[in-house]
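Each chain, letter by letter, is given below.
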Amino acid sequence: MTHIIDHPSPNFGDRPDDSPIDILVLHYTGMQSGQIALDRLCDPASSVSCHYLIEEDGRIFRLVDEDKRAWHAGRGEWQKCVDVNSRSIGIEIVNPGHEFGYRAFPEDQIASVIALCRDILGRHTIPASRIIAHSDMAPDRKEDPGELFPWDQLAEHGIGLWPKIRPQMSSEMSPKANTSPDSLDPLLDQIGYGDGDGQKRRIAFQRHWRPSDISGKVDDECMAIAKALVKATST
């Protein structure tokens, strides 16, 4: 396991007694630098925090102990849970985000993300379908960690879901025919997305599971991925 640097934040509370830790939320910091993000997450006036922050060079900072309720998720919902903070561990991944020059995540950083997630999963029973992006639980207001985040690479290490349907989705075998959004929306409900703007939910789904096209337009590939996710979620 990568060395963890303790950098305590005062921004946390107790978890409710009846709340298991069964959700893992991945974020990007969306700020100009990792240091600015770290300072804000530890500033009592900000009222925000997370359990861990991972710098671009791979350093891991622990801000809040896992048994405490960090303030990272905010308003949102996943699989009928509307108080995600109480049931989740939050990891902030340093990246400027869409506002300050969104870019690919360095290899050293992703290696630390994988190592930390595997370590967390060794301590807590978190279903693969509950390892999510911040944008999954709050699609109306969040975009992170975004379409450049390598969810497929994490899934290769047993972290989260990544349906393996792409080899069968070539243009020769299955054209990307446009499909009614109404066909996808019930599947998003079953995967775990909460109520909200339909287009924003569809874009959030694509950011996570079909990042090659995040227009919100629904096609055969979207439908195949969503159906595979529903099947994996229900088993």
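Description of the structure in this document. (Residues numbered from 1 in each chain as written. Predicted model: local features only at pLDDT ≥ 70, side-chain atom pairs only at ≥ 80, totals over all residues. Heavy atoms only, no water.)

### Here's the deal with the overall build of the chain
Point 1. A tally of helices and strands in the chain yields nine helices and eight strands.
Point 2. Taken over C-alpha atoms, the radius of gyration comes to 17 Å for the chain, in line with the 18 Å a tight globule of 235 residues would show.
Point 3. Taken along the three principal axes of its C-alpha coordinates, the chain extends 50 × 35 × 30 Å.
Point 4. Burial statistics for the chain: of 235 residues in total, 51% are counted as buried. (Helix = DSSP H or I, 4+ residues; strand = E, 2+ residues; numbered from the N terminus. Rg over C-alpha atoms; globule rule 2.2 N^0.38 Å. Buried < 20%, exposed > 50% of the residue type's maximum accessible area, 1.4 Å probe, protein only.)

### Focus: the pattern of salt bridges
Point 1. Per the stated rule, a full pass over the model turns up 17 salt bridges.
Point 2. Taking the shortest distance from any N to any O, the salt bridge between D6 and R62 comes out at 2.7 Å. Separated by 56 residues along the polypeptide, D6 in strand β1 (residues 4–6) and R62 in strand β5 (residues 60–62) bring together distant segments of the chain.
Point 3. Exposure remark for D6: the relative accessible area of 49% places this residue in the partly exposed category.
Point 4. Residue class for R62 comes out partly exposed when judged on its relative accessible area of 25%.
Point 5. When salt bridges that share partners are traced, they join R210, D213, D219 and E221 into one network. (Salt bridge = Lys/Arg side-chain N within 4 Å of Asp/Glu carboxyl O.)

### Remarks on the packing of aromatic side chains
Point 1. Going through the model one piece at a time under the given rule, you end up with six aromatic pairs.
Point 2. Measuring from ring centre to ring centre gives 6.1 Å for F205 and W209, while their planes differ by 40°; the resulting arrangement is tilted. Of this pair, F205 and W209 both sit in helix α8 (residues 198–209), four residues apart, which is roughly one turn of the helix.
Point 3. For F205, a relative accessible area of 0% puts it in the buried group.
Point 4. With a relative accessible area of 4%, W209 lands in the buried category.
Point 5. Clustering of aromatic rings is evident, with ring pairs tying together Y28, Y102, F105, F149 and W151. (Phe/Tyr/Trp six-rings, centres within 6.5 Å; stacked < 30°, edge-to-face > 60°.)

### Points about the packing of helix α7 (residues 181–191) against α8
Point 1. α8 packs onto α7 with a crossing angle of 70° between their chain directions and a minimal axis gap of 10 Å. The angle between α7 and α8 falls in the class roughly perpendicular. The handedness of the crossing between α7 and α8 is left-handed. Judged by residue contacts, P181, L184, D185, L188, D189 and I191 of α7 engage R201, R202, F205 and W209 from α8. (Axes fitted to C-alpha atoms, helices over the stretch in contact; angles between N-to-C directions. Parallel < 35°, antiparallel > 145°, perpendicular 65-115°, else oblique. Left-handed = near helix turned anticlockwise from the far one by under 90°. Contact = heavy atoms within 4.5 Å.)

### Some words on the environment of F149
Point 1. Note that F149 resides in the loop between α5 (134–137) and α6 (151–156).
Point 2. The exposure class assigned to F149 is buried, which follows from its relative accessible area of 3%.
Point 3. Placed 50 residues apart in sequence, F149 and E99 show a C-alpha to C-alpha distance of 16 Å.
Point 4. With residues up to four places along the chain from it excluded, the contact list for F149 reads L26, I93, Y102, F105, I110, V113 and L154.

### Re the pairing of strand β3 (residues 23–28)
Point 1. The element β3 is largely enclosed, with a buried count of six among its six residues.
Point 2. Of the two faces of β3, the one carrying I23, V25 and H27 and the one carrying L24, L26 and Y28 are both buried.
Point 3. Relative to strand β7 (residues 88–93), β3 runs parallel, the two being bridged by six bridges. Following the sheet pairing, Y28 is matched in β7 by I93.
Point 4. For β3 and strand β8 (residues 131–133), the ladder comprises three bridges, and the chain directions are parallel. Among the inter-strand pairings, L24 is bridged to a residue of β8, identified as I131. (Pairing = 2+ DSSP bridges.)

### Re the nonpolar core
Point 1. Counting residues in each nonpolar core, the largest one holds 53 residues, and the members touching the most others are L24, L26, I91, F149, I191, F205 and W209.
Point 2. A37, L53, L63 and V64 belong to the second largest nonpolar core, which has twelve residues in total. (Core = buried A, V, L, I, M, F, W, Y, C linked by side-chain atoms within 4.5 Å.)

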